[in-house]
Amino acid sequence: GRECWVLQSHPAAANTVLRGVKGIKNIREKARDVLVSDFLERVVPALSGDRENEEAVVVHAVGHRWGAAFPLPSDEYAEMDSQLIRDRRFVACGDYFGPLSGRVEGAYLSGISAAEKLCRE
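Residues numbered from 1 in each chain as written. Predicted model: local features only at pLDDT ≥ 70, side-chain atom pairs only at ≥ 80, totals over all residues. Heavy atoms only, no water.

### Side note on the overall build of the protein
Phase 1 of the analysis: Check the secondary structure of the protein and you find four helices and two strands.
Phase 2 of the analysis: Moving toward the C terminus, one meets the helices and strands of the protein in the order α-α-α-β-β-α.
Phase 3 of the analysis: Rg of the C-alpha trace for the protein: 19 Å, well past the compact-globule value of 14 Å for 121 residues, more than 25% over.
Phase 4 of the analysis: Referenced to the eigenvectors of the C-alpha coordinate spread, the extents of the protein come out at roughly 60 × 40 × 20 Å.
Phase 5 of the analysis: A burial count over the protein gives 20% of its 121 residues as buried.
Phase 6 of the analysis: Accessible surface for the protein amounts to roughly 9500 Å². Of this, 53% is attributable to carbon and sulfur atoms.
Phase 7 of the analysis: Of note, the protein has its 16 positive side-chain charges centred 7 Å away from the centre of its 18 negative side-chain charges. (Helix = DSSP H or I, 4+ residues; strand = E, 2+ residues; numbered from the N terminus. Rg over C-alpha atoms; globule rule 2.2 N^0.38 Å. Buried < 20%, exposed > 50% of the residue type's maximum accessible area, 1.4 Å probe, protein only. Areas by Shrake-Rupley, 256 points an atom, 1.4 Å probe, with all protein chains shown as cover. Lys, Arg positive; Asp, Glu negative; His and termini not counted. Charge placed at Lys NZ, Arg CZ, Asp CG, Glu CD.)

### Some thoughts on helix α4 (residues 104–120)
Each turn of an α-helix holds 3.6 residues, which means side chains three or four residues apart point in the same direction.
Phase 1 of the analysis: The terminal C-alpha atoms of α4, which comprises 17 residues, lie 25 Å apart, in line with the 24 Å expected from a rise of 1.5 Å per residue.
Phase 2 of the analysis: Among the residues of α4, those classed as buried are G106, S110, S113, A114 and K117. Projected down its long axis, α4 shows its buried positions confined to an angular sector of 100°, all on one face. Along α4, the residues that are exposed and aim more than 90 degrees away from the buried face are Y108 and C119.
Phase 3 of the analysis: On the buried face of α4, the contacting elements are β1 (83–85) and β2 (90–92). (Expected span 1.5 Å × (residues − 1). Arc of directions from axis to C-beta. Contact = heavy atoms within 4.5 Å.)

Okay, here's the thing in structure tokens:
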């Protein structure tokens, strides 16, 4: 069957790979080309198992760099995984919170924290 993959890099890797690249179009193309190349070179062979001759076909690939993807939270937000404001019936979560700020893992863990807080209410 068909598979869909979303490839992401660590902020430090993105900074290294994109150093000196100018213009949003060039940045998107470079990000796409490097991530897809690394994926095809390293991940696909590891997943292929005994299907050595099977070639991976990329049907569609888009590169993107989130300009605001590297938040700099205050110490207060870095120490909490999510924020519940009961009297306003509001919960905030995302990669801005917690020790993994700016990373998809941080957003995931923050979402779990927010859900747990809501379930306890």
